[in-house]
Amino acid sequence: MGFWKKLIGSETETVDYYAEGVELLEGGKYHEALTSFRLAQRTTPNDPALLQQIAIAHTRIGMTDDAIRLYRKVLSMDDSTAGAHYGLAFLLLHNGDRAGAAEHLRSFLAVPPADADAQQHVDHARKTLAELDAKTETGNPDGATTG
């Protein structure tokens, strides 16, 4: 890991803390990923992709209020950021804000990511939004998909 190489004296190597953080996040090392992302923030403090990765790490370790704050910050910089709409929608749904969740799912689905890796998220968003809309129409607010 780049952080550790710097710590033990390998100063000649440039470290991509963002890439390191993504790798750690994918490996389930959420706290370590946050450390790398914080180091990446030194050079790009308001990078939307970086802030979203930090929000994902916060979500995974249960810091959902911080994740919500970061997703909202990303959306205040660029309201078309699909990933922030998606992440925020499910956090709001988890907190019981069905209307807010539906709004962000609609925004996500208005211009969904086109890559194959995102298809499962697009399908999940469509299914969840359909469930929310059906429950709104029937007046039954319980039982929406949350994750």
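Details of the structure are given in the entry above.
Cut-off values and rules
- Residues numbered from 1 in each chain as written.
- Predicted model: local features only at pLDDT ≥ 70, side-chain atom pairs only at ≥ 80, totals over all residues.
- Heavy atoms only, no water.
- Phe/Tyr/Trp six-rings, centres within 6.5 Å; stacked < 30°, edge-to-face > 60°.
- Helix = DSSP H or I, 4+ residues; strand = E, 2+ residues; numbered from the N terminus.
- Buried < 20%, exposed > 50% of the residue type's maximum accessible area, 1.4 Å probe, protein only.
- Axes fitted to C-alpha atoms, helices over the stretch in contact; angles between N-to-C directions.
- Parallel < 35°, antiparallel > 145°, perpendicular 65-115°, else oblique.
- Left-handed = near helix turned anticlockwise from the far one by under 90°.
- Contact = heavy atoms within 4.5 Å.
- Nonpolar A, V, L, I, M, F, W, Y, C, P; charged D, E, K, R; others polar.
- Polar contact = N/O pair within 3.5 Å; in protein donor to acceptor, adjacent residues only side chain to side chain.
- Patch = residues over 30% accessible without salt bridge, like charges linked within 9 Å, V, L, I, M, F, W, Y side chains within 5 Å.
- Areas by Shrake-Rupley, 256 points an atom, 1.4 Å probe, with all protein chains shown as cover.
- Salt bridge = Lys/Arg side-chain N within 4 Å of Asp/Glu carboxyl O.
- Lys, Arg positive; Asp, Glu negative; His and termini not counted.
- Charge placed at Lys NZ, Arg CZ, Asp CG, Glu CD.

Asks: What exactly am I supposed to notice about the packing of aromatic side chains here?
Replies: Working definition: an aromatic ring pair is given by the centre-to-centre distance plus the angle between the planes. With the rule as written, the count across this model stands at 3 aromatic pairs. Their ring planes at 50 degrees and their centres at 6.0 Å tell us that Tyr-18 and Phe-37 sit as a pair that is tilted. Of this pair, Tyr-18 sits in helix H2 (residues 17–26) while Phe-37 sits in helix H3 (residues 30–41), and the two are 19 residues apart along the sequence. Relative accessible area serves as the criterion here: at 0%, Phe-37 is assigned to the buried category. Put simply, the rings of Tyr-86, Phe-90 and Phe-108 touch in pairs and so form one group of aromatic residues.

Asks: Whenever I open this one, the packing of H3 against helix H4 (residues 48–60) confuses me. Can you help?
Replies: Angle between the axes and distance between the axes are the two parameters that describe a pair of packed helices. Contact pair H3 / H4: the axes reach a minimum separation of 10 Å and the direction vectors enclose 155 degrees. In terms of orientation, H3 and H4 fall into the roughly antiparallel class. Viewed along their axes, H3 and H4 form a crossing whose handedness is left-handed. Within the contact between the two elements, H3 uses Tyr-30, Leu-34, Phe-37, Arg-38, Ala-40 and Gln-41 and H4 uses Leu-50, Leu-51, Gln-53, Ile-54, Ala-57, His-58 and Arg-60. For the contact of H3 with H4, the per-class residue count stands at 8 nonpolar, 3 polar and 2 charged.

Asks: When you look at the packing of H2 against H4 in this model, what are you seeing that I'm missing?
Replies: Where H2 meets H4, the axes come as close as 11 Å, and the angle between the chain directions of the two elements is 30 degrees. As summarised for this structure, H2 and H4 are arranged roughly parallel, according to the angle between their axes. H2 and H4 meet at a crossing whose hand is left-handed. Across from Tyr-18, Val-22 and Leu-25 in H2, the residues of H4 making contact are Ala-49, Leu-50, Gln-53, Ile-56, Ala-57 and Arg-60.

Asks: Hey, could you run me through the side chain of His-124 in this one?
Replies: Here His-124 shows up in helix H8 (residues 119–138). Only 3.2 Å separates the side chain of His-124 from the side chain of Tyr-86, close enough to count as a polar contact.

Asks: Would you mind showing me how to read a negative patch on the surface here?
Replies: Together, Asp-78, Asp-79, Asp-97 and Glu-103 give the surface a local cluster of negative charge. Position of Glu-103 among the secondary structure elements: in helix H7 (residues 98–110).

Asks: Whenever I open this one, the environment of Thr-81 confuses me. Can you help?
Replies: Tracing the backbone through its elements, the reader meets Thr-81 in the loop between helix H5 (64–77) and helix H6 (82–94). Of the residues examined, Thr-81 reaches a relative accessible area of 13% and is grouped as buried. Once the C-alpha coordinates of Thr-81 and Pro-112 are considered, the two residues, 31 residues apart in sequence, prove to be 9.6 Å apart. When neighbours within four sequence positions are excluded, Thr-81 is seen to be in contact with Gln-52, Val-74 and Leu-75. A distance of 2.8 Å separates a polar side-chain atom of Thr-81 from the backbone oxygen of Asp-78.

Asks: Looking at this model, I keep getting lost on the pattern of salt bridges. Mind explaining?
Replies: Working definition: two side chains of opposite charge can pair if their charged atoms are close together. Counted under the stated rule, the structure contains 2 salt bridges. For Arg-106, the salt bridge goes to Asp-133, with nearest N and O atoms at 2.6 Å. Pair noted here: Arg-106 is in helix H7 and Asp-133 is in helix H8, with a separation of 27 residues, a long-range link. Two residues, Lys-127 and Glu-131, come together in a salt bridge whose shortest N-O distance is 3.8 Å. A residue pair is termed a helical-turn pair when its members lie 3 or 4 positions apart in one helix, as Lys-127 and Glu-131 do in helix H8 at 4 residues. Residue Glu-131 is classed as buried on the basis of its relative accessible area of 19%.

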